[in-house]
Amino acid sequence: MEPLTTDALIQWLNTLPYPRPFVWQRYVYWRRAIYALVTLLMLLGFVGVPFFNGLTQSRGLEPKDRLFATWTTIILGAFIVYAFARVSFNATKMFDDCKWLARFGAVGEATLLWVLGNDKAVSITYSFWDIHGRERQREVYIAAEGDYQLPRLAAGDTIPVLFDPHKSDQRNQLWLEVTRYVRLSPRVQAQHPAAERPAMR
């Protein structure tokens, strides 16, 4: 796939009605539900089961030893659950940020300062100017999902970036990141075929 046509994509994004009619990709809903389900199962398995076993299977131990064994297991299990819940929370926040930026974010032009990778995974350092004239810089790692291949990118290329006008340093993402998780509303595509996303080339 050839490098992105930045001007065409920016123009297309700016011609969409505001808020832009983007919704999550179908699999995002499933991922969010799976994260929640797995977190609950881990909570039950790593905390609930050890607590129940500590009450029923350690009766032969001294009360002090029983209490220590039970709570040690529960605390270790809670750390495991917390680690996974944290990963789930970060992934969910990324989905939410992608959707918000696609719908409400300001559109800018990012210059790629450093690009390392291939069509399956790439590490990018980029900079852009927000609406207040402040330069922002960010590093991001993007991995392709499924059969999708990332466009060929090189240092010096420019591609669209979406950012929060009020928190441009905290919330900004390349269009390349956002487009993996959002799509145009099917209703808008049916009513306005011209709104279909232009090909990236």
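Bear in mind the structure is a predicted one, so any value in this text is a computation, not a measurement.

**Let's talk about the confidence of the model for the chain**
With 81% of its residues at a pLDDT of 70 or more, the chain shows a mean pLDDT of 83. Predicted confidence in the chain is weakest over helix α5 (residues 186-191), with a mean pLDDT of 71, and strongest over strand β6 (residues 172-174), with 96.

**Considerations on the nonpolar core**
Membership of the largest hydrophobic core comes to 18 residues, with the highest contact counts inside it found for L112, I124, Y126, I142, L153, V161 and L174. At the level of elements, β2 (106-117), β3 (121-129), β4 (135-143) and β5 (158-163) are the ones that each hand at least two residues to this core. By size, the runner-up hydrophobic cluster in this structure holds 17 residues, among which are W12, L101, A102 and L184.

**A closer look at unusual backbone geometry**
With an omega dihedral of -5 degrees, the bond running from Y18 to P19 counts as a cis peptide bond. Within the secondary structure, P19 is located in the loop between α1 (6-15) and β1 (22-24).

**Observations concerning the sheet that holds β5**
The strand order β4-β3-β2-β5-β6 describes an open sheet built from 5 strands, whose pairing is antiparallel. Two strands in the sheet have a free side with no partner beyond their single neighbour: β4 and β6. Each adjacent strand pair in this sheet contributes to an overall mean axis angle of 35 degrees, direction not counted. Alignment of β2 against β3, held across 6 bridges, turns out to be antiparallel. Bridge pairing in β3 links T111 to S127. Where α1 meets the sheet, its contacts fall on β2 and β5, and the angle it forms with β2 comes to roughly 145 degrees.

**A closer look at the pairing of β3**
In sequence, β2 turns back onto β3 through a hairpin of 3 residues. Pairing analysis gives 9 bridges linking β3 to β4, with the strands arranged antiparallel. Pairing of Y126 across the sheet is with R138, part of β4. Following β3, the chain reverses through 5 residues before pairing antiparallel with β4; G133 in that reversal takes a positive phi of roughly 80 degrees.

**Some points on α1**
Listed as buried for α1 are T6, L9, I10, W12 and L13. Buried residues of α1 fall within an arc of 160 degrees about the axis and therefore sit on the same side. Of the exposed residues in α1, the ones pointing more than 90 degrees away from its buried face are D7, Q11, N14 and T15. Along its buried surface, α1 packs onto β1, β2, β5, α4 (175-178) and β7 (182-184).

**Examining a nonpolar patch on the surface**
The grouping of W71, I75 and F79 at the surface amounts to a nonpolar patch, some 350 Å² of accessible area in total. Of note, F79 is situated in helix α3 (residues 63-104). Given a relative accessible area of 57%, F79 falls into the exposed group.

**Some points on the packing of aromatic side chains**
If you walk through the whole model with that rule in mind, you get 10 aromatic pairs. Ring centres of W24 and Y29 lie 5.5 Å apart, and the angle between their planes is 85 degrees; this geometry places the pair in the edge-to-face category. In textbook terms, an aromatic cluster arises when at least three aromatic residues are bridged by ring pairs, as seen for W12, F22 and W175. Directly above the aromatic system of W24 lies the positively charged group of K99, at a separation of 4.2 Å from the ring centroid. Between R171 and the ring centre of W100, over which it is positioned, the NZ or CZ distance is 4.1 Å.

**Considering the pairing of β5**
The element β5 is extensively covered by neighbouring structure, given that 5 of its 6 residues are classed as buried. Here β2 runs beside β5; their pairing, made up of 6 bridges, is antiparallel. Considered in β5, the bridge of A110 is made with I159. Here 3 bridges tie β5 to β6, and the two strands are oriented antiparallel to one another. When the bridges of β6 are listed, L162 appears paired with Q173.

Parameters and conventions
Residues numbered from 1 in each chain as written. Predicted model: local features only at pLDDT ≥ 70, side-chain atom pairs only at ≥ 80, totals over all residues. Heavy atoms only, no water. pLDDT = per-residue confidence, 0-100. Helix = DSSP H or I, 4+ residues; strand = E, 2+ residues; numbered from the N terminus. Core = buried A, V, L, I, M, F, W, Y, C linked by side-chain atoms within 4.5 Å. Buried < 20%, exposed > 50% of the residue type's maximum accessible area, 1.4 Å probe, protein only. Pairing = 2+ DSSP bridges. Axes fitted to C-alpha atoms, helices over the stretch in contact; angles between N-to-C directions. Contact = heavy atoms within 4.5 Å. Arc of directions from axis to C-beta. Patch = residues over 30% accessible without salt bridge, like charges linked within 9 Å, V, L, I, M, F, W, Y side chains within 5 Å. Areas by Shrake-Rupley, 256 points an atom, 1.4 Å probe, with all protein chains shown as cover. Salt bridge = Lys/Arg side-chain N within 4 Å of Asp/Glu carboxyl O. Phe/Tyr/Trp six-rings, centres within 6.5 Å; stacked < 30°, edge-to-face > 60°. Lys NZ or Arg CZ within 6 Å of the ring centre and 35° of its normal.

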